[in-house]
Amino acid sequence: MADRKNGTVTVEVEQRLEDLFREEELAQDFAKDSEDPENSAPEAIDLSSELLEDSTALEESPPRELEEPPDSLERSIDLEHSPLKDLKTIVLSIDWEINDEDMTRFIEQVETLKVTYEYDKIILLFLQILGSLGKYVKTNKGNAHPNAIKVLNSVYTSLEKVILTKGISEQEKEKILLIEIKRFRELKQQVEAKGVAAAKKKEKKVSTYLKPKEKEEKTAVALQKQTQSPDEIDSETLKTEMGPMPPHEAFAYALEEIKQVLRAEFKALRAELKLWRDGQ
Amino acid sequence: MEYSLGHEQLNGIEEVLQEDLIDLGVNCVFLIDMAGNVIANLDNGKIKHDIYSLAALAAGNFGAVSEMAKIIGEDEFSLLFHKGEKESIHFSKVMTEFLLVTIFSKDISLGFLRLKVAEAIGKIKNILQP
Amino acid sequence: MAFVNLKKKEVQVKIVYYGPGRGGKTTNLEYIYHKFNERIKTEMVTIKTHGDRTLFFDFLPFDIGKIKGYDVKIQLYTVPGQVKYDSTRRLVLRGVDAVVFVADSMQVRREKNILSLQNLQKNLSTYKKSIFKIPLVLQYNKRDLAEQGIPTLSFKVLEKDLNSQLKVPSFEASALVGTNVTQTMKKIISMTMRSLQRELK
């Protein structure tokens, strides 16, 4: 039986090899171009074309175009001697590896810089966004939205531009800040959507191979929450206070808190700008 | 080293690769053994690479780098990653016999990808050694 | 052992061309590639030095279609033959299913042939494989040199040096011209598939 089976396979193989590698019929043709495989570029993430959902804050301000400021402004402040030096190092490190230690250092460095720049509202807002993102990524790690790190890098880069560009006007700074706020808002929406989708998916999931992610779900909430001080948002507090709220609802709650903080800050900022202009 | 994988295990592995990596935005991911055989491979449907050649090269590359690590007194390197202009490639060992290779564009940060890869590997280990 | 994917019903077979440096291993693959790539739709991967010597490996994968319901994928590899690349050879041998030993018929290479075969035995044993059990074919390459007046080893001498204990199929060949290159390959594939019977049930 085994011999017969052996024989059958061998016969089939030998016949196949004969068909494929018959030498006498083939024309000699050594030079053959191989086809170029089609390469489609990876999808770019579109950050600029969406209309803002909540444009109340911006509608009240004087109309301005959301565009990148001209590159003609040269950076003449050395990063090496700037307060941003340590934060930059950490941001570069996070690009390569995300771990608790680096995220903690990131958050701590942001707090330190908040003290350094406590009198600069615009920079403070940048730092608040960074702090919020840092806590979100630290808490969620692999479950964070993939765009979170992208937005973090973008906000940092803009912050660096704002701080290191000598002679940059308040208007320019605000322009840059608004772009980043828009990105941050879009991320918030994406996070919300992800949270809802994940909750729905979990209900439907019937796979028997994956261990339950209950622990991760409970810690999924991570964005900043308003406490006593409007500026202080603590994800730890959020977790304990959220209690039994399902993750996506907790997310929505946290996001609403952030919105309120940003609105308040913006209002104050506009008021100050108005005063400044009136004084000119 | 002999091993065999059943249908359900392969399905489970593909599910992990799809959910944790392809859905994240990774262009292509494949699980191979150290001889260069392809065990599972998935892509985002947009970019098609020659997986079999990549697998042979990946196994050879990883093997060569592992030997280099031993020569310099390291058990292994914790990161094997090649950065390209448009696409980059990341390698990660799965137990002793397998390699997870991920090809991704610059839309995904390496740090974040490494987190997701570590997660995926944890799940794959559970499937391979229940 | 060959990799069998029960889900995809696919078998991947790794065949390594082994032998002393400059013996004709890469030339074997190049001949097969240039001759048949229209039919087998394949691309050859080579990693070599500036001097055209194999540095890491050459790789030629192709499908031979369905056998007993399984898609059979053949993967031909060569190794670098130079003595200094021993660890690379060992790497490439990992997971090997069958070997073609390409010996150099030039008289001056007699000792190198024997040393290379012994090296193959040693490297196979690191993966607990025996040279006496693995599907193996010997190819005595560069037979065409005799016509050019270059001293070559006779078939009898080569058989005595390399095949007296192994007693495996052997072919006189000329990889440059193509003589018996295809036959060598067909033989080793056939032998390998026979030894994989149990996997294909």
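What you see is a predicted model; the values in this text were computed from it and never measured. (Residues numbered from 1 in each chain as written. Chains lettered and ligands numbered in written order. Predicted model: local features only at pLDDT ≥ 70, side-chain atom pairs only at ≥ 80, totals over all residues. Heavy atoms only, no water.)

## A look at the overall build of chain A
- Scanning chain A for helices and strands turns up 10 helices and zero strands.
- Helices and strands appear in chain A in the N-to-C order α-α-α-α-α-α-α-α-α-α.
- Buried residues in chain A amount to 38% of all 280 residues.
- Long-range pairs, those at least 24 residues apart, make up 74% of the contacts in chain A between residues at least 6 apart in sequence.
- With the model as given, the accessible surface of chain A reaches about 16,400 Å², and the carbon-plus-sulfur share is 52%. (Helix = DSSP H or I, 4+ residues; strand = E, 2+ residues; numbered from the N terminus. Buried < 20%, exposed > 50% of the residue type's maximum accessible area, 1.4 Å probe, protein only. Contact = heavy atoms within 4.5 Å. Areas by Shrake-Rupley, 256 points an atom, 1.4 Å probe, with all protein chains shown as cover.)

## Let's talk about the packing of helix H6 (residues 147-164) of chain A against helix H7 (residues 170-204) of chain A
Residue and element names in this part refer to chain A.
- Between H6 and H7, the shortest axis-to-axis distance is 10 Å and the interhelical angle comes to 170°. In terms of axis orientation, H6 runs roughly antiparallel to H7. From H6, Asn 147, Ala 148, Val 151, Ser 154, Val 155, Ser 158, Lys 161 and Val 162 reach across to H7, where they touch Lys 173, Ile 176, Glu 180, Arg 183, Phe 184, Leu 187 and Gln 190.
- Partitioning the contact of H6 with H7 into residue classes produces seven nonpolar, four polar and four charged. (Axes fitted to C-alpha atoms, helices over the stretch in contact; angles between N-to-C directions. Parallel < 35°, antiparallel > 145°, perpendicular 65-115°, else oblique. Nonpolar A, V, L, I, M, F, W, Y, C, P; charged D, E, K, R; others polar.)

## A word on the confidence of the model for chain A
All names here are of chain A.
- For chain A, per-residue confidence averages 70 on the pLDDT scale, and 58% of positions sit at 70 or higher.
- A low-confidence stretch, residues 25-73 (pLDDT under 50), is modelled with 60 contacts involving residues beyond four sequence positions or located in other chains.
- For residues 208-243, every residue scores under 50 in pLDDT, and the model assigns this stretch 79 contacts once sequence neighbours within four places are set aside. (pLDDT = per-residue confidence, 0-100.)

## As for helix H5 (residues 121-140) of chain A
Residue and element names in this part refer to chain A.
- For H5, spanning 20 residues, the distance from its first C-alpha to its last is 28 Å, which sits close to the expected 28 Å at 1.5 Å a residue.
- Burial runs high along H5: 18 of the 20 residues are buried.
- The backbone nitrogen of Ile 122 lies 3.1 Å from a side-chain oxygen of the residue at the head of H5, namely Asp 120.
- Looking at the residues trailing H5, positive phi occurs at Lys 141, about 45°. (Expected span 1.5 Å × (residues − 1). Polar contact = N/O pair within 3.5 Å; in protein donor to acceptor, adjacent residues only side chain to side chain.)

## Observations concerning the pairing of strand S5 (residues 70-78) of chain C
Residue and element names in this part refer to chain C.
- The buried fraction of S5 is high, at eight of nine residues.
- As paired elements, strand S2 (residues 10-18) and S5 share eight bridges and run parallel to each other. Opposite Val 11, over in S5, you have Val 72 as the bridge partner.
- Where strand S4 (residues 54-67) meets S5, nine bridges bridge the pair, whose relative direction is antiparallel. Bridge pairing in S5 places Ile 67 opposite Tyr 70.
- Linking S4 to S5, which pair antiparallel, is a turn of two residues; within it Lys 68 sits at a positive phi near 50°. (Pairing = 2+ DSSP bridges.)

## Considering the packing of aromatic side chains
- In this structure the tally under the stated criterion is eight aromatic pairs over all chains.
- Ring geometry for Phe 21 of chain A versus Phe 62 of chain C: centroids 5.6 Å apart, planes at 70°, classification edge-to-face. Here Phe 62 of chain C lies in strand S4 and Phe 21 of chain A lies in the loop between helix H1 (2-20) and helix H2 (56-60), a pairing that spans two chains. Neither Phe 21 of chain A nor Phe 62 of chain C differs from the other in exposure class; each is buried.
- Ring plane angle 90° and centroid distance 5.6 Å describe the contact between Trp 96 of chain A and Phe 81 of chain B, whose orientation is recorded as edge-to-face. Of the two residues, Trp 96 of chain A is situated in helix H3 (residues 85-96) and Phe 81 of chain B in strand S3 (residues 80-82); the pairing between them involves two chains. (Phe/Tyr/Trp six-rings, centres within 6.5 Å; stacked < 30°, edge-to-face > 60°.)

## Side note on the sheet that holds strand S4 (residues 87-94) of chain B
Residue and element names in this part refer to chain B.
- Taken together, five strands build an open sheet; the order of strands is S2-S1-S5-S4-S3 and the sheet is antiparallel. Pairing within the sheet leaves two strands with one partner each, and these edge strands are strand S2 (38-43) and S3. Taken over all neighbouring pairs, the strand axes of this sheet differ in orientation by 15° on average, direction set aside.
- Of the strands in this sheet, strand S1 (28-33), S2 and strand S5 (98-105) touch helix H1 (residues 7-22), which is tilted by about 35° from S2.

## Brief notes about the interface of chain A and chain C
- Counting from both sides, the interface comprises 23 residues of chain A and, opposite them, 27 residues of chain C.
- For the pair chain A and chain C, the summed buried area comes to about 2,400 Å², and 57% of that belongs to carbon and sulfur atoms.
- When the shortest N-O distance is used, the salt bridge between Lys 186 of chain C and Glu 18 of chain A registers 3.0 Å.
- Between the two partners, chain A and chain C, sit seven residue pairs in polar contact (both at pLDDT 80 or more).
- Split into classes, the residues belonging to the side of chain A that touches chain C amount to seven nonpolar, five polar and 11 charged. (Buried area = accessible area lost by both parts, 1.4 Å probe. Salt bridge = Lys/Arg side-chain N within 4 Å of Asp/Glu carboxyl O.)

## Things to note about H1 of chain B
- All of the buried residues in H1 of chain B are Gln 9, Leu 10, Gly 12, Ile 13, Glu 14, Val 16, Leu 17, Asp 20, Leu 21 and Ile 22 of chain B.
- Summarising the contacts, the buried residues of H1 of chain B are in contact with S1, S2, S5 and helix H3 (110-128) of chain B together with strand S1 (3-5) of chain C.

## Considering the interface of chain B and chain A
- Taken residue by residue, the interface counts 26 residues in chain B and 24 residues in chain A.
- For the pair chain B and chain A, the summed buried surface comes to about 2,200 Å²; carbon and sulfur atoms form 55% of the total.
- For the pair chain B and chain A, the number of links is two salt bridges.
- Here Lys 150 of chain A and Asp 107 of chain B are joined by a salt bridge, their closest N and O atoms 3.6 Å apart.
- Connecting chain B to chain A are three residue pairs in polar contact (both at pLDDT 80 or more).
- Counting residues per element, the ones that place at least two in the side of chain B that touches chain A are H1 and H3 of chain B.
- Of all the elements, H3 of chain B adds the most residues to the side of chain B that touches chain A, at 10 residues.

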